[in-house]
Amino acid sequence: MKTVFVDTNVLVSGIFFDGPEAELLDTRGIRLITAEVCERELEEVSIRKADAFGVSEEGALEILEGALVDIDVVPEEKYEKRYDEAVELVGKGSDAEVLACALIVEPDYFVTGDKDFHTEEVREMVDVVETTDVLET
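Below or above, wherever it landed, is the structure these notes cover.

The rules behind each value
- Residues numbered from 1 in each chain as written.
- Predicted model: local features only at pLDDT ≥ 70, side-chain atom pairs only at ≥ 80, totals over all residues.
- Heavy atoms only, no water.
- Helix = DSSP H or I, 4+ residues; strand = E, 2+ residues; numbered from the N terminus.
- Rg over C-alpha atoms; globule rule 2.2 N^0.38 Å.
- Buried < 20%, exposed > 50% of the residue type's maximum accessible area, 1.4 Å probe, protein only.
- Pairing = 2+ DSSP bridges.
- Core = buried A, V, L, I, M, F, W, Y, C linked by side-chain atoms within 4.5 Å.
- Contact = heavy atoms within 4.5 Å.
- Salt bridge = Lys/Arg side-chain N within 4 Å of Asp/Glu carboxyl O.
- Expected span 1.5 Å × (residues − 1).
- Arc of directions from axis to C-beta.

**Side note on the overall build of the chain**
In step 1: Along the backbone of the chain there are 10 helices and 5 strands.
In step 2: Radius of gyration (C-alpha) of the chain: 14 Å, near the 14 Å computed for a compact globule of 137 residues.
In step 3: In terms of its C-alpha atoms, the chain occupies a principal-axis envelope of roughly 40 × 30 × 25 Å.
In step 4: Per-residue burial over the chain gives 45% buried out of 137 residues.

This is the structure we're talking about:
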């Protein structure tokens with residue numbers, strides 16, 4: 001079974017909109033993984049943009065609860081030891097936490113729309129791809 005690490009932007013798009021990201025999140029036969037930091041960001045974005053998504057804040061949180069059932073969330077303490085290494089590649093902050101988690105998980109694919117991860121240096125460490133790349137395989 002292929003392991004697919006999904007970043008916050010993929011989760012937001014896949015949960016609240018139709019399209020390739022929604023298709024990816026509904027794909028069977030793959031293991032979806034994300035970082036605890038992505039789960040926190042997802043919650044924050046969902047509450048902040050609930051109106052734009054056409055739901056109440058409470059409705060957004062209910063949607064998230066159901067959507068995250070099939071996604072393994074890696075706790076921060078599991079990937080914090082790779083944070084400094086990730087900082088060297090993407091700078092400090094949540095991107096470094098996300099990358100640190102991906103480095104620990106060693107997924108078959110790291111799916112993100114965040115261009116900060118689509119660099120040669122990061123791709124040497126983990127297979128960073130777009131959603132459609134995974135769907136095509």
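After that view, the rundown keeps rolling.
**Quick look at the pairing of strand E1 (residues 2–6)**
In step 1: Summarising burial for E1: 4 of the 5 residues are buried, a large majority.
In step 2: The pairing of E1 with strand E4 (residues 109–111) spans 3 bridges and is classified as parallel. Along E4, the bridge assignment pairs Val6 with Val111.

**Some thoughts on the nonpolar core**
In step 1: One finds Val4, Leu99, Phe110 and Val111 to be the most contacted residues of the largest nonpolar core, which totals 46 residues.
In step 2: Among the elements that make up this core, the one with the highest residue count is helix H8 (residues 94–105) (8 residues).
In step 3: Beyond its immediate sequence surroundings of up to four residues, Phe110 is in contact with Phe5, Asp7, Val98, Leu99, Ala102, Phe117, Val126, Asp127, Val128 and Val129.

**A closer look at the pattern of salt bridges**
In step 1: This structure, assessed with the given rule, holds 7 salt bridges.
In step 2: The closest approach of N and O atoms between Glu36 and Arg40, which form a salt bridge, is 3.4 Å. Of this pair, Glu36 and Arg40 both sit in helix H3 (residues 36–48), 4 residues apart, roughly one helical turn.
In step 3: Assessed through its relative accessible area of 24%, Glu36 is described here as partly exposed.
In step 4: Note on Arg40: relative accessible area 34%, which makes it partly exposed.
In step 5: With a shortest N-O distance of 3.4 Å, Glu76 and Arg40 are connected by a salt bridge. Of this pair, Glu76 sits in helix H6 (residues 76–79) while Arg40 sits in helix H3, and the two are 36 residues apart along the sequence.
In step 6: The partly exposed category is assigned to Glu76, whose relative accessible area is 28%.
In step 7: Three or more residues joined by partner-sharing salt bridges are found here, namely Glu36, Arg40, Glu76 and Glu97.

**Notes on H3**
In step 1: Taking 1.5 Å of rise per residue, the 13 residues of H3 would be expected to cover 18 Å, and the 19 Å separating its terminal C-alpha atoms lies within 8% of that figure.
In step 2: Taken residue by residue, H3 has Val37, Cys38, Leu42, Val45 and Ser46 as its buried positions. For H3, the buried positions fall inside an angular range of 165° around the axis, keeping them on one side. Opposite the buried face of H3, at more than 90 degrees from it, the exposed residues are Glu44 and Arg48.

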